[in-house]
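Letter by letter, the chains look like this.
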Amino acid sequence: MSASAAGALGVLGILGVALDLGQTRVLSDREPSEAVSFEVPARIELLGGGEIFEAESIPPATYFAAALEPQADKTIALELELSLLGLTHTVRVDGLPPLELRCEEIAVDLPNASALRVDIELELDNIVGLLLDLLPGLLPSIPLSILTIDPESEPTLHGQLSSLFQEKWTARCSVGE
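Here the structure is a predicted model, which is why all the values come from computation and not from measurement.

For the rest of this paragraph, the subject is the environment of A77. Relative to the helices and strands, A77 is located in strand β8 (residues 76-84). On the basis of relative accessible area, A77 is assigned to the buried category, the value being 0%. For A77 and T148, which are 71 residues apart along the polypeptide, the C-alpha to C-alpha distance reads 9.6 Å. When near neighbours in sequence (up to four residues on either side) are disregarded, A77 contacts A18, L19, D20, R92, V93, D94 and L96.

Right under this line is the structure:
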């Protein structure tokens, strides 16, 4: 599995993008309890080509989706380092819902002794565009270490960002080497 970010990154002033997560399941035509699960690093850097994760012993099945879930007692968070008005700010959108990403094309039939490749990508243009429109009113004139947007602090903005976060992922599934 690989995870990365896309968009007009330089134009939007994005310096870094990370996803705090903890677990991934790859869903198949089997019972949900038989989905392949594997741990990923708690923090996934999505820029610079993204990151690759491997799970051992993928059983033969028809695979159709990837589910990204937080570890127990955690939430999903997207952290962006942005350059805005000549200052660098770190914005953390916390409390994002778990994701189930359907393979873009069709489900993948994985035979014995084959590898399943799942590439997921987050399109950042709309997310960062919304932040750049609204952040000047939220940020003080000096850089903060981290500005956290969660359902309690900014419910309307958090709802908009959560919707975009759900919509702006793609998953491509294929039989790998």
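Turning our eyes to something else, we now look at the state of the cysteines. Within the structure shown, the criterion is met by one disulfide. Disulfide pairing places C103 opposite C173 at an S-S distance of 1.9 Å. Its S-S torsion of about -75 degrees marks the bond between C103 and C173 as left-handed, since a negative value means left-handed. Note that C103 is positioned in the loop between β10 (99-102) and β11 (108-110) and C173 in strand β14 (residues 169-176), a separation of 70 residues in sequence. Neither residue differs from the other here; C103 and C173 are each classed as buried.

Moving on to the packing of aromatic side chains. Taken as a whole, this structure holds one aromatic pair when the rule is applied. Judged by centre distance (5.7 Å) and plane angle (90 degrees), the rings of F165 and W169 are edge-to-face. A single burial state applies to F165 and to W169, both of which are buried.

This brings us to empty space enclosed by the protein. Counted by the stated rule, this structure contains one cavity of 30 Å³ or more. The calculated volume of the largest cavity comes to roughly 30 Å³. Around the largest cavity, the lining residues are M1, A3, L19, L21, T24, I44, F53, L68 and I120. Residue composition of the lining of the largest cavity, by class: eight nonpolar, one polar and no charged.

Further remarks concern the nonpolar core. Counting 50 residues, the largest nonpolar core has L19, L46 and L78 as the members making the most contacts within it. When residues no more than four places from it in sequence are discounted, the contact partners of L46 are A3, S4, A5, V17, A18, L19, L78, L122 and W169.

As a further point, take the pairing of strand β1 (residues 2-6). Of all five residues making up β1, five are buried, and the element is well covered by its neighbours. Of the two faces of β1, the one carrying S2, S4 and A6 and the one carrying A3 and A5 are both buried. Relative to strand β6 (residues 51-52), β1 runs antiparallel, the two being bridged by two bridges. For A3, the partnering residue across the bridge sits in β6 and is E51. The pairing of β1 with strand β12 (residues 115-123) spans five bridges and is parallel.

Thresholds applied
- Residues numbered from 1 in each chain as written.
- Predicted model: local features only at pLDDT ≥ 70, side-chain atom pairs only at ≥ 80, totals over all residues.
- Heavy atoms only, no water.
- Helix = DSSP H or I, 4+ residues; strand = E, 2+ residues; numbered from the N terminus.
- Buried < 20%, exposed > 50% of the residue type's maximum accessible area, 1.4 Å probe, protein only.
- Contact = heavy atoms within 4.5 Å.
- Disulfide = S-S within 2.5 Å.
- Phe/Tyr/Trp six-rings, centres within 6.5 Å; stacked < 30°, edge-to-face > 60°.
- 1 Å grid on protein atoms, 1.4 Å probe; cavity = no way out; pocket = protein on both sides within 12 Å on 5 of 7 lines; lining within 4 Å.
- Points joined across faces, edges and corners; volume = space filled by probe spheres on them.
- Nonpolar A, V, L, I, M, F, W, Y, C, P; charged D, E, K, R; others polar.
- Core = buried A, V, L, I, M, F, W, Y, C linked by side-chain atoms within 4.5 Å.
- Pairing = 2+ DSSP bridges.

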